[in-house]
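# Breakdown of the fold
Listed below are the residues making up each chain.
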Amino acid sequence: MAIAWDLLPPGANPFQRFRLAAPPPRQIVWSPPAREAMLAAAYRQHMPSLALAIMLGFAVGQREADLLALTAGQYVPIPAHKMQPEDFATLAALAPDGVPRGLRIRQAKTKAWIEVPVVGEVRAALEAALARGRTAGRLTVLLDDTRSADDRVAIYAGEAGQTRFQRDFADVRAAACTSALEAGDADLAAELQCLQFRDLRRTCVVYLGELGMDAHLIAAVTGHDIDETQAILKTYMPRTTGRAARAIALASAREQARLDRPEATG
């Protein structure tokens, strides 16, 4: 408002001299053992939907509220014309029915609707949840397993539903911590105690970055803008010999593939 009224110049930060302490930014990325421990605890607690939420949070990097609001209508087949032929062939080979499917999501930054493919155990868990929802007459993907009964399936609807989800997440986290301590893994237990669901969004970015994905590809999945994605990668991606070797190996392989094409030597 201050900038709109010309009280501050464009690009100014109104909070630069706010004189109140700000909470430190979250800097936690889930490790693979922590994710596996949380999934195992969710299933032991008979919360398959919470396990699915963790899978989706890691796989597609969407915000908690957006995942809780997902509906069956957003799980759609993805036509071949929306991707490169080689990518369609890869996803079709991974699909049990030969049809790539994904979640149709509206990106918060650009307001564009895109389909983010889901594969493997994430797809299997998602389709199992949808089948259960259809049987109960529910349209949402994630169900409130804790408060459901044989004659009624509850959902995490609205702000109250999100609060219930967060409480269930905390219960699963506590169960995972207990299991880690019983197994003698104090380091894992300490990590689990600090986890929040929202950290999965950042974790998804880092994981895709570790696979060598460019920032613009990662942003297409998670909905971050390019600058935000690059800032996350700059903060969390390690600069190692292994990554340098990967960069040169990929560049060399692509250059060799280019030279091997008939048109390259014609």
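This section reports on the structure supplied with the text. (Residues numbered from 1 in each chain as written. Predicted model: local features only at pLDDT ≥ 70, side-chain atom pairs only at ≥ 80, totals over all residues. Heavy atoms only, no water.)

## Observations regarding the side chain of Asp144
Formally: Every helix listed is a DSSP run of H or I at least four residues long, and every strand listed is a run of E at least two residues long, numbered separately from the N terminus. Burial here depends on accessible area, computed with a 1.4 Å probe over protein chains only, as a share of the maximum for the residue type. Under 20% is buried, over 50% is exposed, and the range in between is partly exposed. Any pair of N or O atoms that falls within 3.5 Å is considered a polar contact. Within protein, one atom must be able to donate a hydrogen and the other to accept it, and sequence-neighbouring residues count only if both atoms are side-chain atoms. Working rule for contacts: check all heavy atoms of both residues, and any pair within 4.5 Å makes them a contact.
Counting through the fold element by element, Asp144 comes out in strand β4 (residues 143-149). We classify Asp144 as buried; its relative accessible area is 0%. Side-chain polar atoms of Asp144 contact the side chain of Arg164, separated by 3.1 Å. With near-sequence residues (within four places) excluded, Asp144 lies in contact with Ala154, Ile155, Tyr156, Arg164 and Asp168.

## Some remarks on the environment of Val206
Here Val206 is to be found in helix α8 (residues 199-210). Val206 sits in the buried class, given a relative accessible area of 8%. For Val206 and Ile218, which are twelve residues apart along the polypeptide, the C-alpha to C-alpha distance reads 9.2 Å.

## Some remarks on the side chain of Gln62
In this fold, Gln62 is placed in the loop between α2 (48-60) and α3 (64-68). Residue classification places Gln62 among the buried residues on the basis of a relative accessible area of 6%. A distance of 2.9 Å separates a polar side-chain atom of Gln62 from the backbone oxygen of Val60. Within polar-contact distance, the side chain of Gln62 engages the backbone oxygen of Val221 at 2.8 Å. Setting aside residues up to four positions removed in sequence, Gln62 forms contacts with Gly57, Leu67, Ile105, Gln107, Arg201, Val221 and Thr222.

## Overview of empty space enclosed by the protein
Going by this rule: In this analysis the probe radius is 1.4 Å and the grid spacing 1 Å, with only protein atoms considered; a cavity is a set of points the probe fits into but cannot get out of, a pocket is an open set with protein on both sides within 12 Å along at least five of seven lines, and lining residues have an atom within 4 Å of a point. Grid points are joined across faces, edges and corners, and a volume is the space filled by probe spheres set on the points. Amino acid classes used here: Ala, Val, Leu, Ile, Met, Phe, Trp, Tyr, Cys and Pro are nonpolar; Asp, Glu, Lys and Arg are charged; the rest, including Gly, are polar.
Throughout the structure, instances matching the rule amount to one cavity of 30 Å³ or more. Volume-wise, the largest cavity comes out at about 40 Å³. Lining the largest cavity, in full, are Leu91, Leu94, Ala95, Pro100, Arg101, Pro117, Val118, Val119 and Arg123. Class assignment for the residues of the lining of the largest cavity results in seven nonpolar, no polar and two charged.

## Overview of the packing of helix α1 (residues 32-44) against helix α6 (residues 158-182)
Here is the rule we go by: In this description, a line fitted to the C-alpha atoms serves as the axis of each element, helices being fitted only across the stretch in contact, and the angle between N-to-C directions of two axes falls anywhere from 0 to 180 degrees. An angle below 35 degrees is treated as roughly parallel, one above 145 as roughly antiparallel, one from 65 to 115 as roughly perpendicular, and anything else as oblique.
One way to put it is that α1 packs onto α6 with a least axis distance of 8 Å and a crossing angle of 110 degrees. Here α1 is positioned roughly perpendicular relative to α6, judged by the angle of their axes. Across from Ala37, Met38, Ala41, Ala42 and Arg44 in α1, the residues of α6 making contact are Phe169, Val172, Arg173, Ala175, Ala176 and Ser179. Tallied by class, residues from the contact of α1 with α6 come to eight nonpolar, one polar and two charged.

## With respect to the packing of aromatic side chains
Rule in force here: What counts as a ring pair is set by centres within 6.5 Å for rings of Phe, Tyr and Trp (its six-membered ring), and what kind of pair is set by the plane angle: stacked under 30 degrees, edge-to-face over 60, tilted for all other angles. Both a distance and an angle decide whether a charge sits over a ring: NZ of Lys or CZ of Arg must be within 6 Å of the ring centre and within 35 degrees of the ring normal.
One pass over the full model with this rule turns up five aromatic pairs. Between the aromatic rings of Tyr156 and Phe165, the centroid separation amounts to 5.3 Å while the plane-to-plane angle is 85 degrees, which identifies the pairing as edge-to-face. Here the two residues Tyr156 and Phe165 agree in accessibility, since each one is buried. When the centroid spacing of 5.3 Å and the interplanar angle of 85 degrees are considered together, the rings of Phe165 and Phe197 count as edge-to-face. Placement of Phe165 in helix α6 and of Phe197 in the loop between α7 (186-193) and α8 is noted, with a sequence separation of 32 residues between them. Its end group placed over the ring of Phe58, Arg35 keeps NZ or CZ at 3.6 Å from the ring centre.

## Observations concerning the packing of α1 against α2
Inclusion rule: Take the far helix as the reference: if the near one is turned anticlockwise from it by less than a right angle, the crossing is left-handed, and if turned clockwise, right-handed.
It is the contact of α1 with α2, at a shortest axis distance of 7 Å, that shows an interaxial angle of 155 degrees. Between α1 and α2, the crossing angle belongs to the class labelled roughly antiparallel. Read as a crossing pair, α1 and α2 show a hand that is left-handed. The residues of α2 that touch α1, namely those facing Arg35, Met38, Leu39, Ala42 and Tyr43, are Pro48, Leu50, Ala51, Ile54, Met55 and Phe58. Along the lines of polarity and charge, the residues of the contact of α1 with α2 split into ten nonpolar, no polar and one charged.

## Brief notes about α2
Selection rule: For a helix, the expected span equals 1.5 Å multiplied by the residue count minus one.
Helix length check: α2, at 13 residues, gives a terminal C-alpha distance of 18 Å against a target of 18 Å (1.5 Å per residue), a fit within 8%. By the criterion of burial, α2 is predominantly enclosed, with eleven of the 13 residues buried. Those residues of α2 not exposed but buried are Ser49, Leu50, Ala51, Leu52, Ala53, Ile54, Met55, Leu56, Gly57, Phe58 and Val60.

## Observations regarding the layout of surface pockets
Of the volumes computed, that of the largest pocket is approximately 1,200 Å³. Those elements giving two or more residues to the lining of the largest pocket turn out to be α1, α2, α4 (85-94), β3 (113-117), α5 (120-136), α8 and α9 (215-222). Classifying every residue of the lining of the largest pocket gives 23 nonpolar, two polar and six charged.

## Observations concerning the pattern of salt bridges
If charged atoms from side chains of opposite charge come close, those side chains can pair. Basically, it comes down to this: We define a salt bridge as a contact between a side-chain nitrogen of Lys or Arg and a carboxyl oxygen of Asp or Glu at a distance within 4 Å.
Following the criterion strictly, the structure yields ten salt bridges and no others. The closest approach of N and O atoms between Glu127 and Arg123, which form a salt bridge, is 2.9 Å. Placement of the pair is Glu127 and Arg123 together in helix α5, with a separation of four residues, close to one helical turn. With relative accessibility at 29%, the residue Glu127 sits in the partly exposed group. One salt bridge in this structure joins Arg164 and Asp144, with 3.1 Å as the shortest N-O distance. Here Arg164 is found in helix α6, whereas its partner Asp144 is found in strand β4, with 20 residues between them in sequence.

Read these as layout, nothing more, since geometry by itself doesn't imply function.
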